[in-house]
Amino acid sequence: MPPHCRCPTRSPANPALPHTGLKSRPGITEVRYVEKEPAERHMIVSWEQKNCCSLPEDLRNFYLMTDGFLLTWSVKFDGTNMQLGTMIINSISALCRLGTTSIYSLPNAPTLADLESDTDDEDKEEPFKKPHFNSQCRIFELDCCNGNGKVCLVYKNIQSGVVSSCAGIWFLDRALYWHFLTDTFTAYYRLMLIHLGLPQWQYALTKYGISPQAKQWFNMYKPVAYNPSIVVDDNVTFINKLDPNQVFNSKLQPTKKKACVQPAGPQKSQTSLVTSKSIAQMGSATKK
């Protein structure tokens, strides 16, 4: 079985745990956790029969504990509370398939399958084969990411009449490029908790990275989670070619002193010199 098809038997940790941890962090003013009842088993069976897919074991156990997950937290910004972090896992009823309906509420509007043709040849050297909105893949939305993309449960290599059981977690960004996140739901759930649901945190796991504004929030509330050196090869080292001592304590290089040349005054003409000499001689002759 390929590595991205492994499904652990463990279910995610208790969903209420991050609620208590966030309250102790400085600067966070409000933490809102929505408790949900467990999903009924017949709803899970109905979803699997409708979509001809078997939920991964860890995700099924998660839904048997709670039918979805929603946690938000706010910070004090400019005198008012601003919602900053959001952690969402759609309920079993909201775990809808993508690519089959129009993305705009307009007649004859394109679907995601119509728009992904331009991205088919993007990054052919990726280690994982990217999903497509066709009959070979079934894609379901786990999180809408507040409009910054979509976290999806992806089934690949679909065969007609065969129930698919191998799924992975992928991120679809706003440019409709796919990014592999984890091979299990448990691993994704832990990543979501580690990043505290900060804005655009999924982009930190892609080659594009997060925006400068989101990076400031990361540095304030989760400086360890965003470390670009983690995704850099060990052989690559960054060298700081800028010496602060030379910038702030710069010294002027010694220059050679040039001989001081006094500015030449107005030159006397040769006629004036001869006249003054002859006058001096006449004066001396008169004294004699």
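Structure shown above.
This structure is a prediction, so every number in the text was calculated from the model and none was measured.

Engineer: Would you mind going over the sheet that holds strand 5 (residues 149-155) with me for this structure?
Structural biologist: Each strand in a sheet pairs with its neighbour through backbone hydrogen bonds, running either in the same direction (parallel) or in the opposite one (antiparallel). Pairing is antiparallel across the open sheet formed by four strands, whose spatial order is 4-5-6-7. The open sheet has two edge strands, strand 4 (138-143) and strand 7 (178-182), and neither has a second partner. Averaged over all pairs of adjacent strands, the angle between strand axes in this sheet comes to 40°, irrespective of strand direction. Strand direction decides the pairing type here: strand 4 and strand 5, joined by five bridges, are antiparallel. Across the sheet, Ile139 pairs through a bridge with Val154, a residue of strand 5.

Engineer: What am I meant to see in the packing of aromatic side chains here?
Structural biologist: Any two aromatic rings considered together are summarised by their centre-to-centre distance and by the angle between their planes. For the coordinates displayed, the defined rule picks out 16 aromatic pairs. Summarising the aromatic geometry, the rings of Phe140 and Tyr155 are spaced 6.0 Å apart at their centres and angled 85° between planes, so their arrangement reads as edge-to-face. On the criterion of sequence distance, the pair formed by Phe140 in strand 4 and Tyr155 in strand 5 is long-range, its members being 15 residues apart. Pair check on accessibility: Phe140 and Tyr155 agree, each one buried. One aromatic cluster is present, built from ring pairs that chain together Tyr33, Phe62, Tyr63, Phe69, Phe185 and Tyr189.

Engineer: Can you help me understand the packing of helix 3 (residues 57-65) against helix 5 (residues 185-194) in this one?
Structural biologist: The description of two helices packed together rests on the angle between their axes and the distance between the axes. Relative to each other, helix 3 and helix 5 sit at 60°, their axes nearing to 8 Å. Of the possible angle classes, the one that applies to helix 3 and helix 5 is oblique. Between helix 3 and helix 5, the residues in contact are Asp58, Leu59 and Phe62 and Phe185, Thr186 and Tyr189, respectively. Tallied by class, residues from the contact of helix 3 with helix 5 come to four nonpolar, one polar and one charged.

Scoring rules and cut-offs
Numbers given to residues run from 1 along each chain, matching the order in which its sequence is written. A pLDDT threshold of at least 70 governs which residues receive local features in this predicted model, and a stricter bar of 80 or more applies before side-chain atom pairs are shown or counted, although totals over entire chains, interfaces and linings include all residues. Only hydrogens and water are set aside when side-chain values are computed; all heavy atoms of the structure are taken into account. Pairing between strands requires that DSSP locate at least two bridges from one strand to the other. Per the convention used, a helix needs a DSSP run of H or I reaching at least four residues, while a strand needs a run of E reaching at least two, with both numbered from the N terminus. Axis lines are fitted through C-alpha atoms, for helices just across the contact stretch, and the angle between N-to-C directions can take any value from 0 to 180 degrees. Note on aromatic contacts: the rings of Phe and Tyr and the six-membered ring of Trp form a pair at centre separations within 6.5 Å, being stacked when their planes are under 30 degrees apart, edge-to-face when over 60 apart, and tilted otherwise. Buried means the residue's accessible area, taken with a 1.4 Å probe over protein chains only, is under 20% of the maximum for its type, while exposed means over 50%, and partly exposed covers the values in between. Angles below 35 degrees are treated as roughly parallel, those above 145 as roughly antiparallel, those between 65 and 115 as roughly perpendicular, and all remaining angles as oblique. By definition in these notes, contact holds between two residues if any of their heavy atoms fall within 4.5 Å. Three residue categories are used. Nonpolar comprises Ala, Val, Leu, Ile, Met, Phe, Trp, Tyr, Cys and Pro, charged comprises Asp, Glu, Lys and Arg, and polar comprises the others, including Gly.

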